[in-house]
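# Notes for the structure review
Each chain is listed here by its residues.
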Amino acid sequence: KENIDKLFNSNDIIKTNQLLKRGKRFKGWKMNTYVLRRNELSSYDSNNDWKGSIIITRDTIVEAIDANKIRNKNYVFIVKSDSKEWILQCMSNSERESWIYAIKKCIDKSSITKSIK
């Protein structure tokens, strides 16, 4: 897997890429740029305007979604926090697995940080 541990001591970007996101109300899909930092996943539109963020805590959930559950869309995963839920689509299974792995590492680091405080 990727060696991302060195980035957890700062607010550096861990991962970034363009992903499709399913809309909450109308269920359409829109391409945005997603940026993962150790405690936050943020979304930016094509003009690089901030669209929103999910704060990553030990309660954040990330998991792959079967293609049959989302109208035969492949490489989909979900990120859930207390207040938000994003359904995102990657261009390949390896990219999806890489995103899930990186977000889970952020969740793990969040749990360690909270238990130390």
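## Details of unusual backbone geometry
- You will see that Asn 48, though not glycine, has its phi angle at about 65°, which is positive.
- Within the secondary structure, Asn 48 is located in the loop between β3 (40–44) and β4 (50–55).
- Note on Asn 48: relative accessible area 60%, which makes it exposed.
- At Tyr 75, a position not held by glycine, the phi torsion is positive, near 60°.
- Mapped onto the fold, Tyr 75 is located in the loop between β5 (61–65) and β6 (76–80).

## Digging into the pattern of salt bridges
- Applying the stated criterion to the full structure yields one salt bridge.
- Between Arg 96 and Glu 97 there is a salt bridge; the shortest N-O distance is 3.8 Å.
- Judged by relative accessible area, which is 12%, Arg 96 ranks as buried.

## Comments concerning the sheet that holds strand β2 (residues 29–37)
- Pairing is antiparallel in the open sheet, where seven strands are placed in the order β4-β3-β2-β1-β7-β6-β5. Of all strands in the sheet, those with a lone pairing partner are β4 and β5, marking the two edges. The sheet shows a mean angle of 35° between the axes of neighbouring strands, direction not considered.
- Both β3 and β4 contribute to a ladder of five bridges, which runs antiparallel. Looking at the pairing, Glu 40 lines up with Ile 55 of β4.

## Quick look at the side chain of Gln 89
- Along the chain, Gln 89 turns up in strand β7 (residues 85–89).
- Since its relative accessible area comes to 10%, Gln 89 is described here as buried.
- One polar contact links the side chain of Gln 89 to the main-chain carbonyl oxygen of Asn 74, over a distance of 2.9 Å.
- Aside from chain neighbours lying at most four places away, what touches Gln 89 is Leu 19, Leu 20, Trp 29, Lys 73, Asn 74, Tyr 75 and Val 76.

## Topic: the confidence of the model for the protein chain
- Looking at the protein chain as a whole, its pLDDT mean stands at 86, while 85% of the residues score no less than 70.
- Below pLDDT 50 for its whole length, residues 1–8 participates in 17 contacts with residues either more than four positions away or in separate chains.

## Section: the side chain of Asp 45
- Here Asp 45 is to be found in the loop between β3 and β4.
- Despite its burial, Asp 45 pairs with no opposite charge; the closest candidate is Lys 51, at 4.4 Å N-O.
- Within the structure, the side chain of Asp 45 is placed 2.9 Å from the backbone nitrogen of Asn 47, a separation counted as a polar contact.
- Within the structure, Asp 45 has its side chain in polar contact with the backbone nitrogen of Asp 49 (distance 2.9 Å).
- For Asp 45, the contacting residues outside a window of four places in its chain are Asn 32 and Lys 51.

Quick notes on the rules
Residues numbered from 1 in each chain as written. Predicted model: local features only at pLDDT ≥ 70, side-chain atom pairs only at ≥ 80, totals over all residues. Heavy atoms only, no water. Helix = DSSP H or I, 4+ residues; strand = E, 2+ residues; numbered from the N terminus. Buried < 20%, exposed > 50% of the residue type's maximum accessible area, 1.4 Å probe, protein only. Salt bridge = Lys/Arg side-chain N within 4 Å of Asp/Glu carboxyl O. Pairing = 2+ DSSP bridges. Axes fitted to C-alpha atoms, helices over the stretch in contact; angles between N-to-C directions. Polar contact = N/O pair within 3.5 Å; in protein donor to acceptor, adjacent residues only side chain to side chain. Contact = heavy atoms within 4.5 Å. pLDDT = per-residue confidence, 0-100. Lys, Arg positive; Asp, Glu negative; His and termini not counted.

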